[in-house]
Amino acid sequence: MTSVPKPLKFLRPHYETLKSYYATMLDSDLKKHLADILSVLALTMSAEGERESLKYRLLGSEGDIGSWGHEYVRNLAGECAEEYAKRQSGEETSILDLMEVVIDIVVFHIKHNAETEVVDLLMEVEYIDLLIDHMDNTNFKRTCLYLTSASRYLPDPDNVLILDVAYMIYLKFEEYPNALQIALFIDNIQEVSQIFIDCDDMLQKKQFSYIVARHGMHFELDDEMASEDDDRFALQDIVNNAKLSEGYLTLAREIEVMEPKSPEDIYKAHLLDGRASAGASVDSARQNLAATFVNAFVNAGFGRDKLMTVPSDSSSGSSGNWLFKNKDDGKASAAASLGMILLWDVDSGLAQIDKYFHSNDNHVIAGALLGVGIVNCGIKNDFDPALALLGNYTDKEDSSIRIGAIMGLGIAYAGSQNEQLYDKLSRILNDAKAPLDVIAFTAISLGLICVGSCDHDAAQAIIFALMDRNAAELQEPLFRFLPLGLGLLYLGKQESVEATTEISKTFNEKIRKYCDMTLLSCAFAGTGDVLVVQKLLGHCAQHLLRGEAHQGPAVLGIAMVAMAEELGLEMGIRSLEHLLQYGEQNIRRAVPLALGLLCISNPKVNVMDTLSRLSHDADSEVAMAAVISLGLIGAGTNNARIAGMLRNLSSYYYEDASLLFCVRISQGLVHLGKGLLTLNPYHSDRFLLSPTALAGLITMLHACLNMKAIILGKYHFVLYFLVLAMQPRMLMTVDENLKPLSVPVRVGQAVDVVGQAGRPKTITGFQTHSTPVLLAAGERAELATEKYIPLSPFLEGFIVLTENPEYREDH
C-alpha cells in the first residue's frame, strides 16, 4: 500500500463530494490543482465510459503528466482514444486540446521506452506521422519493428500508411536495407529507385541489388542510381541474377554434394521388402517419365546428372537413349528436364539444349523450347536469348511446339511486364482458330509475365478469350487456366480486382463462380485478410448437389490468403481439418493441396501426419493430392521421415501406376536440388513474398485440382512451373569484391522479439557453422564474431560483409 498515491488512498470515499464542490468553485489556480487530483481519483472511481480522468486533466493545470505514475498515463491514453473516436462520430470536430494531451503522453512514453504504446495511441487518434519527429537513434529500430509487424493485422489502407511511416523513419536514420524491404513489400518501384539514389555507398548498393534479385523484381538501373558505367553494369549483373548459378555451385562444392544422383539413389528400393523392388525392373513409359522428373528435380542447377548430360560415347549418344525411353509427350518433358539440370546457367544451358532444336520429332522440339525458358528462369539478360529463340515458334502449326514456346516464355519472363511479349501473346489469345490448350497456356504465360501488375489491356485480352469459348470448351480441364491467368494479373493487389470481378459476373454461369473464387483468392493472396478467409470458408461450407468446380479454388484460396503470418497459418490448418471432416468430396480433394501450400518446404509434424493419413484415402484423387503435398511440404528438405513415408507408399501402390507416379514425383521434390533448394515464396525473415514464386506454385496447384486429366494426362510438364519458386536456401557471405568469404555464423530457431524489453536474443538453440550454410524454414542466422559488419539486417541469400574497424582480436 505504501506506493499508492496518497490522494487515492484517503480521498476515494469523498470522490462525489469533491466533484460537486469543484463545480461550485470560482476559477483560480486552486481549482486547477483540484482538477488534477480529481483526474487521478477518476483513475479508479470513474464509471465505465465516462472518461472523467481525461475531462479533469483537460481542465487542470498543465503540469508534468508523468508525476502521477505510469498507470495514470496509460489510462489517459485509453481515454484519449475513446474521446477521439466519439468526437469523430459526433458533430464536435475540434481536437486541438486533445492533441496537446496526446503529445504529452507520447513524450512521456518515449522517454520510458514504451514505444509500442505510443504507436498504438497514435494509430487510434490517426496521427501516426507524429512518430517521425520523436524518434532517435536508441528507439527507432524497435518502433519500426513494431510498425512493420502490426501492419499485417491492420485493414487496408491503414497497413500501407504505417509502413510508409516506418519507411520514412528508416530513411531518416539511413537504414537503407530496411527501407528497401518496406518499398519491396508495398511494391513501390519509385521508392526502390529512391533508395538507390539516396545511398552513396557502392557496397550497400550491391547488397540492395542482391535483395532485389532475390525478390525477383524486374529492375533497371539508370545513371542517377550509379553514375559510373562499370559500377552500373556490376549492379545490374547482380539484379539480373547473373551470379546465382556460380554462388549456388560454390555452396554445393562446400557442402560436398556435387556428385550427380540417379533416380534409383532417391527411390532406395533396396530398403523395401521383396514385392515392390521386384516390380520396379519393368521399363514402363510412365515410370521412365517419373524418373525424368525425379532426375530433373534432384539435380536441378548442378549441370550434371546420370541420364541427360552423360557424355556420348558412341555416335548415338546416351542422352539420346534416355530421351527415347519416353513416349510422345514424355519426350517433351525429358528434353525440358535438361533446362532444369542446367538451371540459371544460361550460356552452357543453351549450348547443350541446342542439339534438340534440330530434331525431327515435334515433341522433342517442344521440350527444348520449354527447356530454354526454364534455364532462363529468374535470369535477365541484355541479349534476351529466350525471346530470340522462342519468339519464332509461338505461331507454328503444331500445338505442342506452340505450348512449349509459350510456356517457356512465361517462365523466362515472369514478372518482367515485357511489352513485346504482351503483344505476341494477346494476338494468340484473340485468335479464334487457336486450340483451347494453346489458349490456356497463353493465358497463364500472360498472367506470369504481367503478374501483380493489374494491367488493364492484358486483363481485357484474357476476358475476351474467356467470353469466346463455347459450352463444350468450358468443360475442358485445361479451361481453369484462363481464370487463373486473369487472377495472376491481380496477385496480392486486393481491391484493384473489383472492376474485373464485376465483369466476371457476365460470364457463362458454368464458370462464373470459378472465376470469382480464383480472382478473390489471387487478389488477397499473402495478405492474411481474415474477412476474405471467412468468405472463402463460407463457399466451402455449402453442400452442393452437383460437384461444383469452384470450391477447389476456394479451398486453395484459404491457404493463399492465410499463409501471410504464423497465427493465420495455424488457424488455416485447423480450418482445413474441419473441411476434411465435413466437406464434400471435391473439397476433400483440394484440402491436401491447400495444406501443401501452407507449409511449403516446411514439414510441420501435424500436417505431415494428416497428409500421411490421407495418402491412404479410399478416394484415389484425395490420395494423389496428399502424396504430391507430402512432396511439397518436404520440398528441398531431405526430410527423412517424409522420405520413409514415400518409400512405404511406393511399395503400397506398386500396382497402381498413377499413384506410383505421384509418389515418385514427391520423392524427387523432397530431395529437390539434393536438399539445397526451397520452394518457399517468402524470404527476408518471412517478411517479403516473391510474386513470381507464388504464381508458379498456384499454377501448379490449380493443375493438380484435376490431376488425372492434366498431370497424369499429357500436360505433365506443368510440374515445371515449380521452377519459378525454386531458390537456394543458403546464406552466402561475400567480401567487398563479391568473392565468397567464410565466416562463423550461429544458426538457430528464429524468436519473435517484437515489443520485448531490452535487447532480447533473436535466435534460440543455435549451432555455430562456417558459411556458406543452409537455412531451414523458421531459422535465422547471425554472425558469431564482430570482425565483420553485414550490410543487410536479414542474413539470407548473398550478404556483403565489410571489416569492422573497431574490432580487435583477443590475444
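Residues numbered from 1 in each chain as written. Predicted model: local features only at pLDDT ≥ 70, side-chain atom pairs only at ≥ 80, totals over all residues. Heavy atoms only, no water.

Participant: Can you walk me through the side chain of Asn639 in this structure?
Facilitator: As for its placement among the helices and strands, Asn639 is situated in the loop between α37 (620-633) and α38 (640-652). For Asn639, a relative accessible area of 17% puts it in the buried group. When near neighbours in sequence (up to four residues on either side) are disregarded, Asn639 contacts Pro603, Met608 and Val670. (Helix = DSSP H or I, 4+ residues; strand = E, 2+ residues; numbered from the N terminus. Buried < 20%, exposed > 50% of the residue type's maximum accessible area, 1.4 Å probe, protein only. Contact = heavy atoms within 4.5 Å.)

Participant: In this structure, what is going on with the packing of helix α36 (residues 605-614) against α37? I would like to understand it.
Facilitator: Each pair of packed helices gets described by two things: the angle between the helix axes and the distance between those axes. Put simply, α36 and α37 touch, their axes get as near as 8 Å, and they point 150° apart. By the angle between their directions, the pair α36 and α37 is classed as roughly antiparallel. Like other packed secondary-structure pairs, α36 and α37 cross with a definite hand, here left-handed. Residues Val607, Met608, Leu611 and Leu614 of α36 pack against Val622, Ala623, Ala626, Ser629, Leu630 and Ile633 of α37. (Axes fitted to C-alpha atoms, helices over the stretch in contact; angles between N-to-C directions. Parallel < 35°, antiparallel > 145°, perpendicular 65-115°, else oblique. Left-handed = near helix turned anticlockwise from the far one by under 90°.)

Participant: What's the story with the pattern of salt bridges in this structure? I'm lost.
Facilitator: Between side chains of opposite charge, a pair can form when the charged atoms approach closely. Scanning the model with the defined rule gives 25 salt bridges in all. Among the ionic pairs, Glu16 bridges to Lys19, the shortest N-O distance being 3.9 Å. On the criterion of helical spacing, the pair formed by Glu16 and Lys19 is a turn pair, its members being three residues apart in helix α2 (residues 15-24). In this structure Glu16 comes out as exposed when scored by relative accessible area, which is 51%. A relative accessible area of 18% places Lys19 in the buried class. Of the charged contacts, one joins Arg74 and Glu71 as a salt bridge, the two residues approaching to 3.5 Å between their closest N and O atoms. Here Glu71 and Arg74 lie together in helix α5 (residues 70-89), a separation of three residues that amounts to about one turn. Note on Arg74: relative accessible area 39%, which makes it partly exposed. (Salt bridge = Lys/Arg side-chain N within 4 Å of Asp/Glu carboxyl O.)

Participant: How do you make sense of the environment of Val533 when you look at a structure like this?
Facilitator: Among the structural elements, Val533 can be located in helix α32 (residues 530-541). Along the sequence, Val533 and Val561 sit 28 residues apart, while their C-alpha atoms lie 6.7 Å from each other. Aside from chain neighbours lying at most four places away, what touches Val533 is Ile558, Val561 and Ala562.

Participant: Help me understand the sheet that holds strand β8 (residues 773-774), please; the structure alone is not making it clear to me.
Facilitator: Two strands in a sheet stick together by hydrogen bonds in their backbones, pointing the same way (parallel) or opposite ways (antiparallel). Across the sheet, which stays open at both edges, the four strands sit in the order β8-β5-β11-β10 with mixed pairing between neighbours. The open sheet is flanked by β8 and β10 (788-790), the only strands paired with a single partner. Contacts between helix α15 (residues 244-255) and the sheet are confined to β5 (730-734), β8 and β11 (797-803), with β5 contributing the most and set at about 105° to the helix. (Pairing = 2+ DSSP bridges.)

Participant: Any chance you could explain the packing of aromatic side chains here in plain terms?
Facilitator: In this description, a pair of aromatic rings is defined by centroid distance and the angle of the planes. Taken as a whole and assessed by the stated rule, the structure comprises 19 aromatic pairs. Judged by centre distance (5.2 Å) and plane angle (45°), the ring pair of Phe293 and Tyr720 falls under tilted. Here Phe293 is found in helix α18 (residues 285-298), whereas its partner Tyr720 is found in the loop between α41 (710-714) and β4 (727-728), with 427 residues between them in sequence. For the pair Phe293 and Tyr720, a shared accessibility class is recorded, and that class is buried. Aromatic pair Tyr652 and Tyr653: ring centres 4.9 Å apart, planes at 75°, arrangement edge-to-face. What makes Tyr653 buried here is its relative accessible area of 9%. Put simply, the rings of Tyr176, Phe196, Phe208 and Phe219 pair up and form one aromatic cluster. Between the NZ or CZ atom of Lys355 and the centre of the ring of Tyr356, over which it lies, the distance is 5.1 Å. Positioned above the aromatic ring of Phe766 is the side chain of Arg746, whose terminal nitrogen or guanidinium carbon lies 5.2 Å from the ring centre. (Phe/Tyr/Trp six-rings, centres within 6.5 Å; stacked < 30°, edge-to-face > 60°. Lys NZ or Arg CZ within 6 Å of the ring centre and 35° of its normal.)

Keep in mind that these numbers describe shape and distance, not what the molecule does.
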